[in-house]
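Understanding the architecture of this molecule
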Amino acid sequence: MTTSASAPLRTMVVDDESLARQRLKRLLLQDARVHVVGEAADVPTARALVPQLTPSLLFLDVSMPGEDGFALLQDLPPERRPFVVFVTAHADAAVRAFDARATDFLVKPVRAERLAESVTRALDAVAARTPAQSVFDEEVRAELARLVRGLAGGSMGGGLEATAPLAHFAVTVGRRTRFVKLEEIDWFEADGNYVRLHVGREQHLVRMTMQKLEKSLDARRFVRVHRSFVVPLDRVRELVQLGSGEYELRLTTEATLPVMRTYRDRLPLG
């Protein structure tokens, strides 16, 4: 695959989250160095579109329902593989980017300045190397090295974007998109591959697993008390023992939730 240095880089966005896809495309449209030729919300669709659209650069989400972004790359022949910038909500996934020979990685929410740097790195990579080669420059290698050290030490230090906590959820209300702040949520409930947000008398579904939610929350402020429930500690009023080793959590909102014995010790209560 060859690309003229002066021509806009044919670019494709693959992400299962519609809002994340739209934001990334909006930012890319402001950069004359790239031309967005397509998008996909899942790996099967992307797998069919890449040979047709022949993008030179792929912004690829790591975590998607079904197959993840790495699965897509495994199916693309090295000689036809675009340059790849991984986009992820979890910086630990960036460590695998070494093996996937990615050009760069971005941590959500993507910042415009960081995205522009990624495009620059991709353009330099296109001009200097082939997609089958690792194209990490020294700056990216340094970022990843700090990340690996942070993971080994049990933290996500080093000043990376990954340290930014989850601050809000985008939910659809009729024809509007509403942003629900983390502080507004009374508790989270599992609902298949979704999470139900309980916000006062309202409920909203977001596409996210409980496992992914738990990793995205500050463990000092939120605790999982059941396979199906995560609660903010500032909503907890009391823990009641019902007998036979069963417990019930009573919230400041007067709601009550069951507590599984295997999660009981996670509560910082006497």
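Residues numbered from 1 in each chain as written. Predicted model: local features only at pLDDT ≥ 70, side-chain atom pairs only at ≥ 80, totals over all residues. Heavy atoms only, no water.

**With respect to the overall build of the protein**
Which entries qualify depends on this criterion: Labels follow the DSSP assignment, with helices taken as runs of H or I lasting at least four residues and strands as runs of E lasting at least two, numbered in each case from the N terminus. Each residue's exposure class comes from its accessible area (1.4 Å probe, protein chains only) as a fraction of the maximum for that residue type: buried when under 20%, exposed when over 50%, partly exposed otherwise.
For the protein, the count of helices and strands is seven helices and 15 strands. Looking at the protein residue by residue over its 270 residues, the buried ones come to 44%.

**As for the sheet that holds strand 8 (residues 187–191)**
We count it as follows: Each pair of strands is called paired provided DSSP finds at least two bridges between the two strands. What counts as an axis is a line fitted to C-alpha atoms, over the stretch in contact for a helix, and the angles between N-to-C directions run from 0 to 180 degrees.
Judged by pairing direction, the sheet is antiparallel, and its five strands sit side by side in the order 10-9-8-12-11 without closing on themselves. Edge positions in the sheet fall to strand 10 (202–207) and strand 11 (222–226), since each has one partner strand and no second. Strand-to-strand, the axes of this sheet are offset by a mean angle of 25°, without reference to chain direction.

**Comments concerning the confidence of the model for the protein**
As a reminder of what qualifies: Summary of the metric used: pLDDT quantifies the predictor's per-residue confidence within the range 0 to 100. Two residues qualify as a contact provided that any one of their heavy atoms is within 4.5 Å of a heavy atom in the partner residue.
For the protein, per-residue confidence averages 78 on the pLDDT scale, and 77% of positions sit at 70 or higher. Per-element confidence in the protein ranges from a low mean pLDDT of 47 for helix 6 (residues 138–152) to a high of 96 for strand 2 (residues 34–40). Note that residues 1–5 has pLDDT below 50 and, in this model, eight contacts with residues that lie over four places away or in other chains. In the model, residues 130–138 has pLDDT below 50 throughout and makes 25 contacts with residues more than four positions away in sequence or in other chains.

**As for the sheet that holds strand 15 (residues 256–259)**
Backbone-to-backbone hydrogen bonds pair the strands of a sheet. The strands run either parallel or antiparallel. Pairing is antiparallel in the open sheet, where three strands are placed in the order 13-14-15. Edge strands, defined here as strands with exactly one partner in the open sheet, are strand 13 (236–243) and strand 15. The mean angle between the axes of side-by-side strands here comes to 25°, regardless of whether they run parallel or antiparallel.

**Quick word on the environment of arginine 264**
Here arginine 264 lies in the segment after strand 15. Sequence separation between arginine 264 and tyrosine 247 is 17 residues, and the spatial gap between their C-alpha atoms is 8.0 Å.

**Points about unusual backbone geometry**
Positive phi values are uncommon outside glycine, yet threonine 54 reaches one of about 45°. In this fold, threonine 54 is placed in the loop between helix 2 (43–53) and strand 3 (57–61). We note that glutamate 254 has phi near 80°; this positive angle belongs to a residue other than glycine. Following the sequence through the fold, glutamate 254 ends up in the loop between strand 14 (246–251) and strand 15.

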